[in-house]
Number of protein chains: 2
Amino acid sequence: MTSIAICAPACPITPEDAARVEAIAGDYGASVHIHPQCYASAGHFAGDDALRLAAFLECANDPAFDAVWFARGGYGSNRIAQNAVAQLGAAAAHKCYMGYSDMGYLLGALYRARVGRVCHGPMVADGRRDGGEAALRRALGYFTGEREGLEPSLADEKHPVAAFNLTTLAMLAGTPIMPGLAGHVVMIEEVSEHLYAIDRLMFHVTAHLGGVAGVRLGRVSDVPDNDRPFGAEAQEIVADWCARHAIPYLGRADIGHDADNHVVPFGLATGVHPQ
Amino acid sequence: MTSIAICAPACPITPEDAARVEAIAGDYGASVHIHPQCYASAGHFAGDDALRLAAFLECANDPAFDAVWFARGGYGSNRIAQNAVAQLGAAAAHKCYMGYSDMGYLLGALYRARVGRVCHGPMVADGRRDGGEAALRRALGYFTGEREGLEPSLADEKHPVAAFNLTTLAMLAGTPIMPGLAGHVVMIEEVSEHLYAIDRLMFHVTAHLGGVAGVRLGRVSDVPDNDRPFGAEAQEIVADWCARHAIPYLGRADIGHDADNHVVPFGLATGVHPQ
């Protein structure tokens, strides 16, 4: 039986969120263990930094768990990610870690430290979405050995890969938890940002992606209306900034802030870290 | 007579904006020259990149002008700043350049290249604000030799200084136009960002400000309501991230997206670039 620990390094979930996962985990021969910290609240966060850090460490450092599943994004994992990775023990090394959006800070920090199998993929709170059960089942399937939920371009990808929310990657860049991405295909996605902000983020991110093998663009959703049209669509913006830095733009990726968000395990498809 | 060229490296202004400046420039013995590009429009921008770049270069490289005043922020100067600085001639070297917000990309690029006297201060479009005439007069006064409009902490400041919009500084960090700010007091201000976004930007920016002499916080205005309180105010957030990186937090600065925005000339108060 695959044993999955759930914690919330950013914002809290509700018991209803947890119940949606508990109702279907048995279909995959998985047991899920919801850390009570998932329901904590302190201002913006699911408990203060110390509580969120302790819960993550309890999940990651417990040899009884095979995977750590992040409950929800929002904002806040960057505040604990550096300390979190520094306090991981041997039991953390062989787990699978899955999340996206704000969880990119932790995914980046874990990947930089070469800890575990780091995956960009659905979270517990995605059960709230229309069709969200499919997202939960995609994650549970991946944790328990299915590979149908993998992002489709990975089938033919020879480079190591990584995937991030664009804002998260922009804020990671140049910090002590930014992983080296030279030689990687980097997938990005975004939600609820104006197109001018996408352009601005791409200006920044492409300046930090020297040596990457290429960029793929996931979905850019819920773009707010501006007082005037920007003059280019998201894919044109991304391709333009890639071209300015001689980064190959490789087309679309099947990731995004939605129920269709597919699983992207960081590194090589073989599961071996690139050297 | 001080001759001031006005161009718009990001978003356009209207003839009404220009008229507000023209009506009072004579009080300062200044002549203002509005480049027609200020009224151009191409999607989000005041003309496409080539037009905005050409207008800036015409203003900066013309020996007849003593100053280049940026008309308005918005978004877009980052798209031309690196090319702009690369094409400056000798006549650009002794001019004063003033703007803020999105103009921080150009201010940063100019300061990095040690071109001219770079100032964070009011722009032409500030005439639209309540009390905006005072902002226009503060800028015109500075261009023509008055020093009453200087940010007050500068009177006792022995370190070189720089000032930026926080988002702009975050996006500049690590790019080819980011100036070295070691030893500087860095002033920041922000508008229309959630407090969680301020926290996220400070996480990023403080990781890039190693070796600065300190940080001062200008006004953080028009913070949108979130679905729950963040749990800390802007000044606490800034002081916390400074403390995490052992950067002295020095208190407030009299800058912001408002009519009281004071003038911050980059570098030492003597006008000499730090070595």
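Everything here concerns the structure above.
Given the structure is predicted, the values throughout are model-derived calculations rather than measurements.

### A few points about the overall build of chain A
For step 1, the next point in the chain: Helix and strand counts for chain A stand at eight helices and 10 strands.
For step 2, the next point in the chain: For a compact globule of 275 residues, the expected C-alpha radius of gyration is about 19 Å, and chain A comes in at 18 Å, within 12% of that figure.
For step 3, the next point in the chain: By principal-axis analysis of the C-alpha atoms, chain A measures approximately 50 × 45 × 35 Å.
For step 4, the next point in the chain: Among the 275 residues that make up chain A, the fraction classed as buried is 62%.
For step 5, the next point in the chain: The contacts in chain A between residues at least 6 apart in sequence include a share of 80% that link residues at least 24 apart.
For step 6, the next point in the chain: Summing over all exposed atoms, chain A offers an accessible surface of approximately 9800 Å²; the carbon and sulfur share of this is 51%.
For step 7, the next point in the chain: Charged side chains of chain A number 20 positive and 31 negative; the gap between the two group centres comes to 5 Å.

### Considering the interface of chain A and chain B
Reports often express the size of an interface as the amount of accessible area lost when the parts come together.
For step 1, the next point in the chain: In this assembly, 35 residues from chain A lie in contact with 35 residues from chain B.
For step 2, the next point in the chain: When the two sides are added together, the surface that chain A and chain B hide from each other amounts to roughly 2900 Å², 57% of it contributed by carbon and sulfur.
For step 3, the next point in the chain: The largest per-residue losses of area from chain A upon contact with chain B belong to Met171, Arg200 and Phe203 of chain A, which jointly make up 22% of the total buried on that side.
For step 4, the next point in the chain: Asp49 of chain B is the salt-bridge partner of Arg244 of chain A, the closest N and O atoms lying 2.9 Å from each other.
For step 5, the next point in the chain: Here chain A is connected to chain B by 25 residue pairs in polar contact (both at pLDDT 80 or more).
For step 6, the next point in the chain: Those elements that provide at least two residues to the side of chain A that touches chain B are α6 (166-172), α7 (195-207) and α8 (234-244) of chain A.
For step 7, the next point in the chain: If one sorts the elements of the side of chain A that touches chain B by residue count, α7 of chain A sits on top with seven residues.
For step 8, the next point in the chain: Residue composition of the side of chain A that touches chain B, by class: 17 nonpolar, 10 polar and eight charged.

### Brief notes about the side chain of Asp126 of chain A
Residue and element names in this part refer to chain A.
For step 1, the next point in the chain: As for its placement among the helices and strands, Asp126 is situated in the loop between β5 (117-120) and α5 (132-143).
For step 2, the next point in the chain: You can call Asp126 buried: its relative accessible area is 3%.
For step 3, the next point in the chain: Not counting the four nearest positions on each side in its chain, Asp126 is found in contact with Tyr100, Gly132 and Ala135.

### Overview of α8 of chain A
Residues and elements named next belong to chain A.
For step 1, the next point in the chain: When α8 is considered as a whole, its buried residues turn out to be Ala234, Ile237, Val238, Trp241 and Cys242. Down the axis of α8, the buried side of the element spans an arc of 130°, and every buried residue falls inside it.
For step 2, the next point in the chain: Elements that come into contact with the buried residues of α8 comprise β7 (185-191), α7, β8 (214-221) and β9 (249-252).
For step 3, the next point in the chain: Taken from the residues just after α8, Ala246 is the one with a positive phi, measuring 55°.

### Considering the nonpolar core
For step 1, the next point in the chain: In this structure, Phe56, Phe70 and Leu181 of chain A together with Phe56 and Phe70 of chain B are the most contacted members of the largest nonpolar core, which totals 144 residues.
For step 2, the next point in the chain: Contact partners of Phe56 of chain B, with chain neighbours within four places excluded, come to Cys7, Val68, Phe70, Ala84, Leu88, Tyr97, Leu106 and Leu110 of chain B.

### Here we look at the environment of Gly73 of chain A
Residues and elements named next belong to chain A.
For step 1, the next point in the chain: For Gly73, the position within the fold is in the loop between β3 (67-70) and α3 (81-86).
For step 2, the next point in the chain: Gly73 gets classed as buried once you look at its relative accessible area, which sits at 5%.
For step 3, the next point in the chain: The sequence separation of Gly73 and Ile188 amounts to 115 residues, and the corresponding C-alpha distance is 16 Å.
For step 4, the next point in the chain: Excluding residues that lie within four positions of it along the chain, Gly73 makes contacts with Ala10, Cys11, Asp102, Met103 and Met123.

### Some points on empty space enclosed by the protein
Residues and elements named next belong to chain A.
For step 1, the next point in the chain: Enumeration over the complete set of coordinates arrives at one cavity of 30 Å³ or more.
For step 2, the next point in the chain: Of the volumes computed, that of the largest cavity is approximately 40 Å³.
For step 3, the next point in the chain: The wall of the largest cavity is formed by Leu166, Ile188, Glu189, Glu190, Ile198, Leu217, Val220 and Val238.
For step 4, the next point in the chain: Among the secondary structure elements, those contributing two or more residues to the lining of the largest cavity are β7 and β8.

### Description of the packing of aromatic side chains
For step 1, the next point in the chain: Tallied over the full model, the rule gives 20 aromatic pairs over all chains.
For step 2, the next point in the chain: Here Phe56 of chain A and Tyr97 of chain A contribute two aromatic rings whose centre-to-centre distance is 6.3 Å and whose plane-to-plane angle is 45°, an arrangement assigned as tilted. One end of the pair, Phe56 of chain A, is in helix α2 (residues 49-60); the other, Tyr97 of chain A, is in strand β4 (residues 96-99), with 41 residues separating them in the sequence. Like Tyr97 of chain A, Phe56 of chain A is buried.
For step 3, the next point in the chain: Both rings, one in Trp69 of chain B and one in Phe143 of chain B, keep their centres 5.5 Å apart while their planes meet at 70°; by these two values the pair is edge-to-face. With Trp69 of chain B in strand β3 (residues 67-70) and Phe143 of chain B in helix α5 (residues 132-143), this residue pair connects regions lying 74 residues apart in the sequence. Here Trp69 of chain B matches Phe143 of chain B in class, with each residue buried.
For step 4, the next point in the chain: Pairwise contacts between aromatic rings join Phe45 and Tyr75 of chain A together with Tyr196 and Phe230 of chain B into one cluster.

### What about the packing of helix α7 (residues 195-207) of chain B against helix α8 (residues 234-244) of chain B?
All names here are of chain B.
For step 1, the next point in the chain: Where α7 meets α8, the closest approach of the two axes is 9 Å, and the angle between their N-to-C directions is 20°. Considering their axes alone, α7 and α8 lie roughly parallel with respect to each other. α7 and α8 meet at a crossing whose hand is right-handed. Each of Leu195, Ile198, Asp199, Met202, Phe203 and Thr206 in α7 lies in contact with α8, whose residues at this interface are Ala234, Ile237, Val238, Trp241 and Cys242.
For step 2, the next point in the chain: Grouping the constituent residues of the contact of α7 with α8 by class yields nine nonpolar, one polar and one charged.

### Topic: the sheet that holds strand β2 (residues 30-34) of chain B
Residues and elements named next belong to chain B.
For step 1, the next point in the chain: Strands sit in the order β2-β1-β3-β4-β5-β10 across an open sheet of six strands; the sheet is mixed. Sheet topology places β2 and β10 (264-265) at the edges, where each strand pairs with a single neighbour.
For step 2, the next point in the chain: Sheet topology places strand β1 (residues 2-7) next to β3; four bridges connect them, and they run parallel. Opposite Ile4, over in β3, you have Ala67 as the bridge partner.
For step 3, the next point in the chain: Contacts from helix α2 (residues 49-61) reach β1, β3 and β4 (96-99), with the element oriented near 170° to β1.

How each quantity is defined
Residues numbered from 1 in each chain as written. Chains lettered and ligands numbered in written order. Predicted model: local features only at pLDDT ≥ 70, side-chain atom pairs only at ≥ 80, totals over all residues. Heavy atoms only, no water. Helix = DSSP H or I, 4+ residues; strand = E, 2+ residues; numbered from the N terminus. Rg over C-alpha atoms; globule rule 2.2 N^0.38 Å. Buried < 20%, exposed > 50% of the residue type's maximum accessible area, 1.4 Å probe, protein only. Contact = heavy atoms within 4.5 Å. Areas by Shrake-Rupley, 256 points an atom, 1.4 Å probe, with all protein chains shown as cover. Lys, Arg positive; Asp, Glu negative; His and termini not counted. Charge placed at Lys NZ, Arg CZ, Asp CG, Glu CD. Buried area = accessible area lost by both parts, 1.4 Å probe. Salt bridge = Lys/Arg side-chain N within 4 Å of Asp/Glu carboxyl O. Polar contact = N/O pair within 3.5 Å; in protein donor to acceptor, adjacent residues only side chain to side chain. Nonpolar A, V, L, I, M, F, W, Y, C, P; charged D, E, K, R; others polar. Arc of directions from axis to C-beta. Core = buried A, V, L, I, M, F, W, Y, C linked by side-chain atoms within 4.5 Å. 1 Å grid on protein atoms, 1.4 Å probe; cavity = no way out; pocket = protein on both sides within 12 Å on 5 of 7 lines; lining within 4 Å. Points joined across faces, edges and corners; volume = space filled by probe spheres on them. Phe/Tyr/Trp six-rings, centres within 6.5 Å; stacked < 30°, edge-to-face > 60°. Axes fitted to C-alpha atoms, helices over the stretch in contact; angles between N-to-C directions. Parallel < 35°, antiparallel > 145°, perpendicular 65-115°, else oblique. Left-handed = near helix turned anticlockwise from the far one by under 90°. Pairing = 2+ DSSP bridges.

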